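Structural overview
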Amino acid sequence: MPTETSDLSHWGKSGSGTSWFMGIGINDYGHFPRLRNAVKDMADVKSVLCEKYDISQDHILTLVNEEANEDNIIMNFEKLARETKPEDKVIIFYSGHGHLNKLNPKNNLGYWIPIDGQPGRSSTFIPNSTIKNYIGAITARHILLISDSCFSGSLFSKGASRSTRAMDELESIPSRWALCSGRHDEEVYDGAPGSNSPFTKSLLDVLSSNQRD
């Protein structure tokens, strides 16, 4: 999956099929440092998608704090895999802790940390490989995965930016896109209390200013 796109505003506002949003936001970790803005980041992204894009409440799946345990996250992925249709579009947004297990110089494993994750026990985290497998099982025409967490770049293989022309062409064929807040080995800033993370603020600016129909 590419790690960046030159113009998020071209990720369609219209077209056939149903648009889905799956959002995960975790502030109140019991065993990891509390985050200040993850829940707000997810809620703000959901809000702008409902206001400016064609996502209805009937096709929104959200998990916040204690709801965002490993079991519920997997169940929501499975719901998307079961219920999406080939003409649909899906946006998945995760804001929470990430983890990079540096096993050796050539093999580092990345994870999302659910609310019930246990320090020092990567078996209680959600591996990137699991996330990729579920995305592969979703039959939607377009999927955009957005991960605002430390080490989120470990989810994706690197790719070049796409031009406006390429983005237009991708509207008519199946595509899988990804945005992440940092490189595979990079920690990221959560933002000032009550604000948004710098990554999500930039994302919201693009989504809010999009004038494409």
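In this report, we go over the structure that sits alongside the text. Because the structure is a prediction, the values reported are computed rather than measured.

Some remarks on the overall build of the protein chain
From N to C terminus, the protein chain includes five helices and eight strands. Along its sequence from the N terminus, the protein chain presents helices and strands in the succession β-α-β-α-β-β-β-β-α-β-α-β-α. A burial count over the protein chain gives 49% of its 213 residues as buried. If you take every contact in the protein chain between residues at least 6 apart in sequence, the share linking residues at least 24 apart comes to 77%. Surface exposure of the protein chain reaches about 10000 Å², of which carbon and sulfur atoms provide 49%.

Some thoughts on the nonpolar core
Counting residues in hydrophobic clusters, the biggest one holds 31 residues, and the most contacted among them are Ile24, Phe77, Leu80, Val90, Ile92 and Trp112. Going through the elements one at a time, β1 (19-25), β2 (55-64), α2 (70-83), β3 (89-95), β5 (107-112), α3 (128-137) and β7 (142-148) are the ones with two or more residues in this core. The leading source of residues in this core is α2, at four residues. Look past the residues within four positions of leucine 80 in its chain and what remains in contact with it is Trp20, Met22, Leu61, Val90, Ile92 and Ile138.

A short note on the environment of serine 197
For serine 197, the location among the structural elements is in the loop between β8 (175-180) and α5 (198-209). Separated by 157 residues in the primary sequence, serine 197 and lysine 40 have C-alpha atoms spaced 9.4 Å apart.

Digging into the pattern of salt bridges
Side chains that differ in sign of charge can pair as their charged atoms come close. The full count for this structure, using the stated rule, is three salt bridges. The partner of aspartate 28 in a salt bridge is arginine 34, and the shortest N-O contact between them spans 2.7 Å. The residue lysine 79 makes a salt bridge to glutamate 83 at a minimum N-O spacing of 2.8 Å. Note that lysine 79 and glutamate 83 are positioned in helix α2 at a spacing of four residues, about one turn of the helix.

Looking at the pairing of β7
When a strand is regular, its side chains alternate between the sheet's two faces. Of all seven residues in β7, seven are buried, a share of seventy percent or more. What you see with β7 is no split at all: His142, Leu144, Ile146 and Asp148 on one side and Ile143, Leu145 and Ser147 on the other are buried throughout.

A look at the environment of glycine 17
When you line up the elements, glycine 17 lands in the segment before β1. Assessed through its relative accessible area of 36%, glycine 17 is described here as partly exposed. Sequence-distant contacts of glycine 17, defined by excluding residues within four places in its chain, comprise Glu87 and Asp88.

Cut-offs used in this document
Residues numbered from 1 in each chain as written. Predicted model: local features only at pLDDT ≥ 70, side-chain atom pairs only at ≥ 80, totals over all residues. Heavy atoms only, no water. Helix = DSSP H or I, 4+ residues; strand = E, 2+ residues; numbered from the N terminus. Buried < 20%, exposed > 50% of the residue type's maximum accessible area, 1.4 Å probe, protein only. Contact = heavy atoms within 4.5 Å. Areas by Shrake-Rupley, 256 points an atom, 1.4 Å probe, with all protein chains shown as cover. Core = buried A, V, L, I, M, F, W, Y, C linked by side-chain atoms within 4.5 Å. Salt bridge = Lys/Arg side-chain N within 4 Å of Asp/Glu carboxyl O.

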